[in-house]
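Observations on the three-dimensional arrangement
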Amino acid sequence: SSLGGYSLALAGLRGSVSQGDPCYARPFFKDVERDMREEEDELSEADSVSNEGIIFYNDKIQPVDSEYKEGREFVLSDFIKEGSYGEVHSAQDVNTGFRFAVKKIALKRFSSEEVGAWSALRSPRVVELFGVVREGPNVFLFMEHKSGSLGQLIAERGRLPEDLSLHYHSQVLTALEYLVKKKVVHLDIKADNVLLSEDGRDTFLCDFGHAERLDNQGQSLSGSNDLKGSETHMAPEIVKGEPRGAKADVWSSCCALLHMLNGCQPWTRYYTCRLYLKIANEPPPLREIPPDCSPLTAEVLKAGLQKDPVKRASASDLKEKTDRALKEVGGLTSPVKGPYTDPLYIA
Ligand SMILES: Oc1ccc(F)cc1Nc1nc(-c2ccncc2)cs1
């Protein structure tokens, strides 16, 4: 039936938008990505550009007559931010009033991996992808709307209290544990891609635009060594173009922890030049561990910022250390919304 589902998806979807089960999404999108590129140059001049895609089970996003077009079945509202490869807006389904987030990507920059990797994930720590629709030269990715990101919270508060930082780090590591199980590496872990619940106590990983799938040995299947992610959070094996795996996300999550604790991104207080060479040749940024943090928090960062990915802690080891550090500082007691605390400039 899966084959049936697959061919159904291909047949049913050619030129139309239908509801479907995410498990058919992956092979479909490899194929569609190629078709899209071939078809792109024959784009019909007619205003009725082709509209095809798949909305995973969700009765609140409703294609009408197998079409789902911007400005007709859904409307974009305020711009949220630049995601990987495209602009993110909040949006609303015209018929149901349902609000969601949309990333609009130019067709030639569409990575089927974002849909392929993401549609296979179901976790309370990962934002749900609702579907993907192509409209002419653009691809729209739909995901659940969240009130804000950890990056915005750090900007608002300067730096975060240690207990709150450890609480968020532990949840990000839970997401990474799940990604390891699903053989996916995110490759762009940073505060901007960690979304927050209304009350700010829960986190959700999003933006799989750089994601790659892993083989059974945990190495990336894509074989590409092009630089991916945000420079300040890139692991040494990434900047050196060496084989990368799940441990790259562990390094980046510790860079995000330094960002929460210090209020600024690692390396940027010491260097303004391109950071690739520093990350490759300098010792790990352990001197950036704030002097006022607890010894166990320092242990977490030392274990997660090992330059050799083999020696680096795994997501589950690091989560255990993080939970112990959080207990040592007395658990989560700080409020999410709190006073602005100046970022830690170099002492
Ligand atoms: O990769 C995507 C695919 C579909 C989307 F709708 C969004 C993204 N990427 C991101 N979305 C956000 C964000 C969303 C909603 N509120 C605050 C931030 C930050 S990065």
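Anyway, here's the lowdown on the structure attached to this text. (Residues numbered from 1 in each chain as written. Predicted model: local features only at pLDDT ≥ 70, side-chain atom pairs only at ≥ 80, totals over all residues. Heavy atoms only, no water.)

On a plain count of helices and strands, the chain comes out with ten helices and twelve strands. Taking all 347 residues of the chain together, 54% fall into the buried category. At a minimum sequence separation of 6, the contacts of the chain that also span at least 24 residues come to 67%. Within the structure as shown, the chain displays about 15,100 Å² of accessible surface, and the carbon and sulfur contribution to it stands at 53%. (Helix = DSSP H or I, 4+ residues; strand = E, 2+ residues; numbered from the N terminus. Buried < 20%, exposed > 50% of the residue type's maximum accessible area, 1.4 Å probe, protein only. Contact = heavy atoms within 4.5 Å. Areas by Shrake-Rupley, 256 points an atom, 1.4 Å probe, with all protein chains shown as cover.)

Below, the discussion takes up the sheet that holds strand E11 (residues 203-205). With antiparallel pairing, three strands are arranged side by side in an open sheet as E8-E10-E11. Of all the strands in the sheet, the pair left with one neighbour each is strand E8 (148-149) and E11. Pairing between strand E10 (residues 194-196) and E11: three bridges, direction antiparallel. Each bridged residue has a counterpart across the sheet, and for Val194 the counterpart in E11 is Leu205. Lying on the sheet, helix H5 (residues 162-181) is in contact with E10 and E11; it crosses E11 at an angle near 35°. (Pairing = 2+ DSSP bridges. Axes fitted to C-alpha atoms, helices over the stretch in contact; angles between N-to-C directions.)

Under the counting rule described, the total for this entry stands at ten aromatic pairs. An angle of 55° between the planes, with centres 5.7 Å apart, marks the rings of Phe98 and Phe130 as tilted. Of this pair, Phe98 sits in the loop between strand E4 (86-93) and strand E5 (99-106) while Phe130 sits in strand E6 (residues 129-135), placing them 32 residues apart in sequence. Comparing Phe98 with Phe130 shows no difference in burial state: the two are buried. Between Trp267 and Tyr271, the ring centres sit 6.3 Å apart and the planes meet at 35°, which makes this aromatic pair tilted. Each member of the pair, Trp267 as well as Tyr271, is classed as buried. Through pairs of rings, three or more aromatic residues link up here, namely Tyr68, Phe74, Phe98, Phe100, Phe130, Phe140 and Phe142. Between Arg125 and the ring centre of Phe204, over which it is positioned, the NZ or CZ distance is 5.6 Å. Over the ring of Phe204 we find Lys146, and its NZ or CZ is 3.7 Å from the ring centre. (Phe/Tyr/Trp six-rings, centres within 6.5 Å; stacked < 30°, edge-to-face > 60°. Lys NZ or Arg CZ within 6 Å of the ring centre and 35° of its normal.)

To continue, consider the side chain of Ser170. Note that Ser170 resides in helix H5. If we ignore the near neighbours within four places in the chain, the residues touching Ser170 are Lys319, Thr322 and Asp323.

Here we take up the site of the ligand. Taken together, 16 residues form the shell around the ligand, and within it Ala101, Lys103, Glu114, Met143 and Asp207 come nearest. In this structure, a nitrogen atom belonging to the ligand sits 3.4 Å away from a main-chain N or O atom of Lys146. A distance of 3.2 Å separates a nitrogen atom of the ligand from a polar side-chain atom of Asp207. Protein burial of the ligand: of its 460 Å² of free accessible surface, 99% is covered by the chains. Only strand E3 (74-83), E5, helix H3 (112-118) and strand E7 (138-143) provide two or more residues apiece to the shell around the ligand. Element by element, the count of residues in the shell around the ligand is highest for E5, at three residues. Among the residues making up the shell around the ligand, the classes are represented as nine nonpolar, one polar and six charged. (Near = heavy atom within 4 Å. Polar contact = N/O pair within 3.5 Å; in protein donor to acceptor, adjacent residues only side chain to side chain. Nonpolar A, V, L, I, M, F, W, Y, C, P; charged D, E, K, R; others polar.)

Taking burial as the measure, the eight residues of E4 include six buried ones, the bulk of the element. Note that E3 and E4 share seven bridges and pair antiparallel. Paired with Phe74 across the strands is Asp93, a residue of E4. Linkage of E3 to E4, two consecutive antiparallel strands, is achieved through a turn of two residues, within which Tyr85 is found at a positive phi near 65°. Where E4 lies against E5, seven bridges are found, and the strand directions are antiparallel. Across the sheet, residue Val88 finds its bridge partner in E5, namely Lys103.

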